[in-house]
Amino acid sequence: MNTKQDFWRLLGDYERLSTDEGVALRDVNLAALARLKDQKAVVAEAVLELAAEGGLSIPTARYQNLITKQNENLAITQEQLARMSCEQQNLANASQRLGHVRRAYKQESGQASATLAKG
């Protein structure tokens, strides 16, 4: 293949990886996200090298589509982080309530045992 064909093929690969990244973000698939991040880095580097080598550039419309997709992925990431932060707070609150219940039952069972022992 020549430089121009490789450039367009890899640009398409990068666009597909960006779409896949959005799916992995929505699914909170961390293993897939790590793999996609690594793949995107390799493909992006190759696209830039081929562009420089062949004097090629990404057309404005495709470039804007890539920017839009990256912004969508960023928005998904922010939504997921907010949701996870809320879940973390809910878990912390539940843990605190559980600790109160455990202490209350521990005190009650200790008092009941002392009463039975005296009886």
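The structure under discussion appears in the preceding block.
Residues numbered from 1 in each chain as written. Predicted model: local features only at pLDDT ≥ 70, side-chain atom pairs only at ≥ 80, totals over all residues. Heavy atoms only, no water.

*Asks:* Is there a simple way to explain helix H1 (residues 3–27) in this structure?
*Replies:* Turn by turn, an α-helix covers 3.6 residues, leaving residues three or four places apart pointing in a common direction. For H1, which comprises 25 residues, the first-to-last C-alpha distance of 36 Å matches the rise-based estimate of 36 Å (1.5 Å per residue) to within 8%. Among all positions in H1, only Asp6, Phe7, Leu10, Leu11, Tyr14, Leu17, Ser18, Glu21, Gly22, Ala24 and Leu25 are buried. The N-terminus of H1 is capped by Asn2, whose side-chain oxygen sits 3.1 Å from the backbone nitrogen of Lys4. (Helix = DSSP H or I, 4+ residues; strand = E, 2+ residues; numbered from the N terminus. Expected span 1.5 Å × (residues − 1). Buried < 20%, exposed > 50% of the residue type's maximum accessible area, 1.4 Å probe, protein only. Polar contact = N/O pair within 3.5 Å; in protein donor to acceptor, adjacent residues only side chain to side chain.)

*Asks:* How should unusual backbone geometry be read in this particular structure?
*Replies:* The bulk of non-glycine residues show a negative phi, and the bulk of peptide bonds are trans. We note that Val28 has phi near 50 degrees; this positive angle belongs to a residue other than glycine. The residue Val28 is located in the loop between H1 and helix H2 (30–54) in this model. Residue class for Val28 comes out partly exposed when judged on its relative accessible area of 27%.

*Asks:* Looking at this structure, I do not really get the environment of Glu72. What am I missing?
*Replies:* Structurally, the position occupied by Glu72 is in helix H3 (residues 60–118). Taking the C-alpha atoms as reference points, Glu72 and Ser18, 54 residues apart in sequence, are found 9.9 Å from one another.

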